[in-house]
Amino acid sequence: MLSSLSSTSSLTAPTMRLQQQSNAIEEAIQQAAEQVTEKLQQDFSYPDLSHLLGVTSHTSPSVSGVNDNDYPSLSSQQIGLGNLAQLSNVRRVPLPPELIEQFSHMQCSCLMGLYPEITRAWLAIDSDFFIWNYEDGSDLAYFDGLSEVILSTALVKPKPGIFQPYIAYLLCLTTPVEIVLLGVSFSDSQETTLGSLVSNEMHLLPDPLFSISTDNNHMMAIASTACGRIFLAGKDGCLYELCYQATDGWFSRRCRKINHSKSSMSFLVPSFLNFAFSSDDALVQVCVDETRHIVYTRSEKSTIQVYDLGSDGRGMTRVAAMSLSTIQNTAAFIARTIDKTNFKSLIHIAAVDLTESTNIHLVAVTETGVRLYFCTTAFEQPLKRPGLLALVHVRLPPGFTTSTSPNRPTRVHAAHYRKGLMMLSCAQTEDSDRVWCIGGDSFPFQVPLVETNVTNHIEGRTWVISEFPCGPSPIHIQSMGPGLWTVRPDPPSVVTQHVEQPHKLILLGAQGTFITTKLRPVEQLRQLMITNGGPDCEPVEAYFRLHKEEQACATCLILACSQTMADDVVRDWAKRSFFRFGGEPKIKFPAITETGLTPSHTQLSQTIAASSSPLRSSTPDLSPIPPSTLAQSRLRPGLSSSSTPIGIAGEQTPPMTLGQRNQSMMGVAPNVRDSGRSSLGPQVVYSGKLNGIYLYFTRILRTVWNDRMVMDFHSGSSQYELYSRFSSEDLAQFIIHLEALKKFLDQNSQFPGHRNEMLQSGHINNIHQRMLSFMRPGTLSSNNQGQLQEQLRQKYQAEANLLEKSSLINLQHLLDRTIEALALWSLLVDHDFHILVKAMSQDFQLEMKSVTFGQFVVHSGELVTSLITSLINHYVIDNTTVDAISEKLRLCCPSLYSNDDALFAKASEKLQAATSNPDRGTCDRLLSECLELFVEISQKVNLSAICDRFHYVHYYNGIISLCLSAADKRDPNNIALHFYENKEPVDDTQGLQAYSARSECYKCITDVLSQLFSAARVYPSSPSLPTYPGLQDRGNPELKKISSDDAQRYIDEVISCCLSSRDELLHVALYNWLIATGLTDKLLEISSPYVEPYLLRSSESRVSALTMLDLLWKHYEKVGKYGSAAHILSKLADRYGTDMSLHQRVEYLSRACMSAKSGTMTIGLQMTGEVLHELQEKLDVARLQVEIFEALNNYDMTRLDVQEALSQLNAELMDISRLYSEYAEVFDIPVCKLAIIHCADHYDQPLIDKIWQDIVDQDLSSTVGRSVDTRMTSLSTCVETVGKIYLSSERFFPLDTIIKHMEVRACALQFTQSFTFSTLVKMTVSILSLLQAYDRVYQTKDPCWQQLRKPYYLLHCVYGLINNFIETQTSVPSTQRRHLTMACQDSVTSYLVDLQAIANIDIREQQLMSNFKSLQSKLARML
């Protein structure tokens, strides 16, 4: 996994086959993992105890035990397992002979009890205390240091940090006057595990550790918690706690007694609870729920109390209580048909902890064997602290149904309950008891609760019933983590029976100790085969019917693979049972009607069973196929696995077809529970054998598959370290179970060829096509219908068999991978796992924190690689040879650590040696050898890490050589270049894979360049300042060893080396880096045939087109291709988009014109002229667009249409028609209108006149409200600015129109009479032209002057014009002066005639006549 294969598209033929095989294995592992996940979900589908009992809420109690199905008889005809053992043979161990003699000395008291946690029983006769090993009656010890009668005893765990380590337990003894704590030690004080305490010799310390007075209150029972708290049940009805500490405190003694029933906070308890604490109702039992931190007490009068120890188990609050009368009335109300006397007295209570139920918290047993289930919180808030006590279910014992025998438990005087197992001891005679064992192991997952029961006669009276506390397996404890409790209850024993021990029950009485074991399904199967002399019997077959094939096969595998549960004979029997009764793969046909498939309304489908299995087995009986089914059915391309949930009788889940999931390489699909989807063709159902194998594999890894693999510990600060949640011993147990399963499969699997060859086979891949072909019309033509059926049967059998084989192959690959993953993890744990993880990158550490074991096995290739790399580096950094660890890795995980990985490790070793070697010659030799090893590796290596190390020693030629070699190996046929040159088509998956593979290699080079570039920009004289508070990223510390000049030199060296390569894609990667870092000038300096194609191709990209086109025209200019540069510049200007402004587009066009002019020598004068003319025209129009753009900028920018217009004008260059119609005309910009029609050389006199009128009017409109002088100045400036442009073009400068319109507006607005001609004179319009234009306007006799009541206004203006000429005559050239003077004289004479012809001349005209006569005289003198 240090080096893995790259994409299949870029491999040579042999490597391609290896890659396909590797991909097929990965596909198989993933598909098998899907099956495992489904089986895991099946095992996790077990119901909570409240669900089994039919309790939905703490306010909705229920009753059970009244139906025949609650306690089915195993001897019934339907089950047929009358001889199925429920308990092992009872082993009686008599009391030690020394104790028998002590009974004769008894005076007033005799008590007996059990300490199962240390396999000891005890006897208290008066004040003497005896203890011995109940397994064999050995190791008898006694204590006679008390003077009073012993009332109660308990073995408790000491509080940590108070006593010496050799004190393993404390023995608490109570008498009427005192409470004594004795120390308990064992012969080997270093071993205090459960197994060691069974065989070690026990010692009681002679002197009490603590002693305290009882204050004359008898303590009737004692209980303790795991953290060392000791609770005592007082005869006065109060609950006490014995507290002790190492030294006296200011306000506390070393040992004291606290009354929790009458504390200073007792006023908080409602008054109706006070009856529970009366002095005549002694407490007789205390039990503790360690998972919820709750204490329960039972009184002599059957009152139950609840105490809350708090979420951390260190508090104490009295919560609730319920009296016997309340319990009886509630139970009678729930079970209304049951006599109330059955609930009259409680003889035992037991906590139902979180490992059994989330909602049910307590069970109480009556003297008639009735179980009463209680809760202390609402079901809606199961993790809330207790606040109530509610009876939620009544479970009646066997014997309350009409069909069963009247035999039922009575006079129950001792009971025990744990994890669903109930033991009752009933007084049968004075000298014997009948013991009832009730449990539901035979019916796991069944809803509602179904239990079996068995009775045994025990000699003598049973005093105590207890259970050896085997608890969960160490693996299970480790997987949960320290101090964590799962909210999910533990599964039924059938799920965990392969690792956990069975219930070992101990009954103690005067006749001795009676030891028996509650048999689980695996022990029951073993016992059945032993009793019947093998598997070939009806009871074993009935066992498979009871538990279903899948579950029974998984149980068989426990025996067949175990070295402890079975001997060779039993293992062989289990294997035979597995194959005999495990079923076969089947073809299921839907029922056919005349209208088609109707699976929900017709009879059950017919079944074809395969004749052989991938596992050796017997040939099944085959039933005929209905002809209608064969004729009408069409096989859907789909396959399914067995769909019967484990242990739920009669429930079937519809099989899945491959139409519901993509056809996979292996042709395997897990179950799909979609009952609403009908199948349209035959379906394959896996055998119980295959499903049983999957189920057993799943159960082996049940506790870890979906669990995180590490736990983090914070070390004071924000830093944390990751530790493995599993020890190497735990991992070894998993490996033992899995290797046993692997051995079983290897010895009992039959395949036509190697399983890797089957992975490559098209038979499995194309199974659905072949099965469809079986039903084609051509294959159904046969004269013999029976022969046709037999042919089809054989074909379907072969396909079902082949599919099951492929699924088994999948599992075997997953099994191999899992064993290797566990072995690798164990190796990592043995090498200081937390140190190895700490050396990994932060990303991998974060992934490690969340990855589950299943993900680690199936999907964590890179994570596995990183872990192995860290392990190898651990040796390399220590300058230790990697040969030994490489050999270990090759042995324990060959598929995860290949031979190439070993070469990689050796190369890493040489690289580390070169790094630390001061001699440059030796260093170069080691680097050369290291490079050869890396190049030799045929698979993908971690180039980035290697290049970083090469960079550290400045071995840049090695970086480029290695990356180029890796690129060639990943893509030897250069498919990536073909992909690149064809513009990276989306549908070319092969090309994309090859291109990505090469790009990864080139990225390593550019990354090194980036690091050098950063170092080259560092100036020692300018220290960098922090930009943010906290931890600072100082970059790569290795770069600090490189000076700025050296870094630049290395950059030039790397670039030069890259440019010397003929790998075009390397050039592309280099060019991309130069552009990304802003070194475009350096790119333009490169003289390479790859630059132009690169820039051309890159310019087609939407993302970087502008930048690339900009570089492309510069490149063309640099190499003298001016025509191409002009073309690119023109293309840039025409490019649509908002990424550049209109002014930039005009600038590009200007540059294009310049380039076109410069290209006359290369492309010819004629072509250059055409191009230049075209570009010049585009430039002229673009300038018009700029005018419109600038004009619109003066508009109201809040207008949406203006904003949109500006955006569009910036986005593209437009033609002249569009500029006129969509912008100049729409937004009424007369100046731009005139410019457009002038540029287009479009002559339309009325339009031109109108535009000039609009120019004048628009300017006047913009100055409304201002002073006359301001308005005159504004209009004069406007007309002068526009007029100068078109003055030379008489058609676009209509002087008559301009004069008339301006004079009309001047007259109306009371401008000066000289305003108009003065403006025109400043524009260099000749006086003669003005005089002629004024005359033409005057001669038209426009009625507008009459409307203005100034009919001779124009004559006043002419007078001003001529007078201005006379005053400034020197400004007129002498050659024109006489002619102009004569023209003026003629005009004055004409105007005088008109004035003299006026009939009623007013004073203004008289003055005008006088002025004209004066002008006439002046003009005459000028001639």
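Up top is the structure.
Calculation notes
Residues numbered from 1 in each chain as written. Predicted model: local features only at pLDDT ≥ 70, side-chain atom pairs only at ≥ 80, totals over all residues. Heavy atoms only, no water. Helix = DSSP H or I, 4+ residues; strand = E, 2+ residues; numbered from the N terminus. Buried < 20%, exposed > 50% of the residue type's maximum accessible area, 1.4 Å probe, protein only. Contact = heavy atoms within 4.5 Å. Areas by Shrake-Rupley, 256 points an atom, 1.4 Å probe, with all protein chains shown as cover. Expected span 1.5 Å × (residues − 1). Lys, Arg positive; Asp, Glu negative; His and termini not counted. Salt bridge = Lys/Arg side-chain N within 4 Å of Asp/Glu carboxyl O. Polar contact = N/O pair within 3.5 Å; in protein donor to acceptor, adjacent residues only side chain to side chain. Pairing = 2+ DSSP bridges. Axes fitted to C-alpha atoms, helices over the stretch in contact; angles between N-to-C directions.

Asker: Explain the overall build of the protein to me, please; I cannot follow it from the model alone.
Answerer: The secondary structure content of the protein amounts to 50 helices and 37 strands. Counting all 1423 residues of the protein, 53% fall into the buried class. The contacts of the protein with a sequence gap of at least 6 include a subset with a gap of at least 24, amounting to 65%. By element, 51% of the accessible surface of the protein is carried by carbon and sulfur atoms, the whole surface being about 63100 Å².

Asker: Can you help me understand helix H22 (residues 861-877) in this one?
Answerer: Since the α-helix turns once every 3.6 residues, residues separated by three or four places project in the same direction. For H22, spanning 17 residues, the distance from its first C-alpha to its last is 24 Å, which sits close to the expected 24 Å at 1.5 Å a residue. For H22, a buried count of 12 out of 17 residues is recorded, marking the element as mostly surrounded by other parts of the structure. Every buried residue of H22 is accounted for by Leu863, Val864, Thr865, Ser866, Leu867, Ile868, Thr869, Ser870, Leu871, Ile872, Tyr875 and Val876.

Asker: Looking at this model, I keep getting lost on the side chain of aspartate 126. Mind explaining?
Answerer: Counting through the fold element by element, aspartate 126 comes out in the loop between strand E4 (120-125) and strand E5 (128-133). For the buried aspartate 126, no salt bridge exists, and the shortest N-O distance to an oppositely charged side chain is 15 Å, to lysine 235. Engagement of the side chain of aspartate 126 in a polar contact is seen with the backbone nitrogen of serine 109, the distance being 3.0 Å. Sequence-distant contacts of aspartate 126, that is, excluding residues within four places in its chain, are made with His105, Met106, Gln107, Cys108, Ser109, Glu148, Val149 and Ile150.

Asker: Before we go on, may I ask you to explain the sheet that holds strand E18 (residues 304-308) in this structure?
Answerer: Paired through their backbone hydrogen bonds, the strands of a sheet run either parallel or antiparallel. Strand order in the open sheet made by the 4 strands is E16-E17-E18-E19, with antiparallel pairing throughout. Looking along the sheet, the strands with just one partner apiece sit at the ends: strand E16 (283-289) and strand E19 (317-322). Neighbouring strand axes in the sheet, compared pairwise and without regard to direction, differ in orientation by 20° on average. In the sheet, strand E17 (residues 294-299) pairs with E18 via 5 bridges, with the strands oriented antiparallel. Note that in E18 the partner of valine 295 across the bridge is tyrosine 307.

Asker: What exactly am I supposed to notice about the pattern of salt bridges here?
Answerer: Two side chains bearing opposite charge may form a pair once their charged atoms approach each other closely. Per the counting criterion, the structure on display carries 51 salt bridges. Between arginine 385 and aspartate 308 there is a salt bridge, with its nearest N and O atoms 2.5 Å apart. On the criterion of sequence distance, the pair formed by arginine 385 in the loop between strand E22 (371-375) and strand E23 (390-395) and aspartate 308 in strand E18 is long-range, its members being 77 residues apart. With relative accessibility at 10%, the residue aspartate 308 sits in the buried group.

Asker: Which parts of the structure should I look at to understand the environment of threonine 698?
Answerer: On the secondary structure map, threonine 698 appears in helix H12 (residues 688-700). By relative accessible area, which is 2% here, threonine 698 ends up buried. Between the C-alpha atoms of threonine 698 and valine 495, which are 203 residues apart in sequence, the distance is 9.6 Å.

Asker: How should I be thinking about the pairing of strand E7 (residues 152-156) in this particular structure?
Answerer: Remember that side chains alternate between the two faces of the sheet whenever the strand is regular. Burial within E7 is extensive, with 5 of its 5 residues counted as buried. Alternating residues of E7 divide into Ser152, Ala154 and Val156 and Thr153 and Leu155, and every residue in both groups is buried.

Keep in mind these values describe shape, not function.
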